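A closer look at the structure
So the chains spell out like this:
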Amino acid sequence: MTDRVEELSRAFERFPGIGPRQAKRFVYHLLSTSESDRIRLAELIAHLGAEVRQCASCLRFWSGTGEVCNYCSDTSRDDSILMVVEKDQDLLAVERANAYKGRYFVLGGVLTLAGKGHIRERELVDRVERKIRNGKAEIVLALSATNEGEHTADRIRELLTPLREHITLSVLGRGLSTGSELEYTDAETLFGALQNRKET
Ligand SMILES: [Zn+2]
């Protein structure tokens, strides 16, 4: 018979940052909860695909109706500035800081120094090209202050080189200390880093 504990453990091990011991803890935690709680959790997972969609413009995941998300459809936001973030959680951190009222683009990852990782390169270039049709735009690279973040920023600079005369490219300013990930940066620091962003 299939060992369900092992099977579910292995499924959890595929989650980012989860090792075999933590995966087992999750499984035994689930075994200690009520059956109705487990069914509810299974339903939430099953409905993710149907009810959470990807915004056609910034590519973040959101629950709602329509082609584009609330940030992309909000006409009060500044259309001349586009912030590039690594992942959805970073976008949410910037929103929490309440320091930015422009548009977003989610890269969907970072590039590692070892040449691994994937970012939405073609989608980013398309997005910037569409943006500059309405005039000059500022592109803010809001990536983590890590080696991967730096490396990814270099690649984006390279990708956007042909469009340089139509864009101002900036990076987050001081305040974001080396090694810090955007997602875990407090609102005040993020606010400062955005205010002090500098052209690159
Ligand atoms: Zn959007």
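Residues numbered from 1 in each chain as written. Predicted model: local features only at pLDDT ≥ 70, side-chain atom pairs only at ≥ 80, totals over all residues. Heavy atoms only, no water.

It is worth spelling out the packing of aromatic side chains at this point. The way to describe two aromatic rings as a pair is by their centre distance and the angle between their planes. A complete count under the given rule lists 4 aromatic pairs for this structure. With 5.2 Å between their ring centres and 85° between their planes, Phe12 and Phe26 make a pair best called edge-to-face. Taken as a pair, Phe12 in helix H1 (residues 4-13) and Phe26 in helix H2 (residues 20-32) lie far apart in primary sequence, 14 residues in all. (Phe/Tyr/Trp six-rings, centres within 6.5 Å; stacked < 30°, edge-to-face > 60°. Helix = DSSP H or I, 4+ residues; strand = E, 2+ residues; numbered from the N terminus.)

The next point concerns the environment of Glu51. Structurally, the position occupied by Glu51 is in helix H3 (residues 35-51). The sequence separation of Glu51 and Gly173 amounts to 122 residues, and the corresponding C-alpha distance is 37 Å. Each residue touching Glu51, except ones within four places of it in the same chain, is listed here: Trp62, Ser63 and Gly64. (Contact = heavy atoms within 4.5 Å.)

Glancing now at the coordination of the zinc ion. Coordination sphere of the zinc ion, protein contribution only: Cys55 (SG), Cys58 (SG), Cys69 (SG) and Cys72 (SG), at 2.3 to 2.4 Å. Here the zinc ion binds 4 donor atoms, and the angle range of 107 to 115° at the metal identifies the geometry as tetrahedral. Donor residues for the zinc ion, ordered by position in the chain, follow C-x2-C-x10-C-x2-C. Of the two residues, Cys58 sits in the loop between strand S1 (53-54) and strand S2 (61-62) while Cys72 sits in helix H4 (residues 70-73), which places them 14 residues apart along the sequence. In terms of burial, Cys58 and Cys72 fall into one category: buried. (Donors = N, O, S within 2.8 Å, 3.2 Å for Na, K, Ca; no water. Tetrahedral: all angles 85-135°; square planar, octahedral: opposite > 155°, others 65-115°. Buried < 20%, exposed > 50% of the residue type's maximum accessible area, 1.4 Å probe, protein only.)

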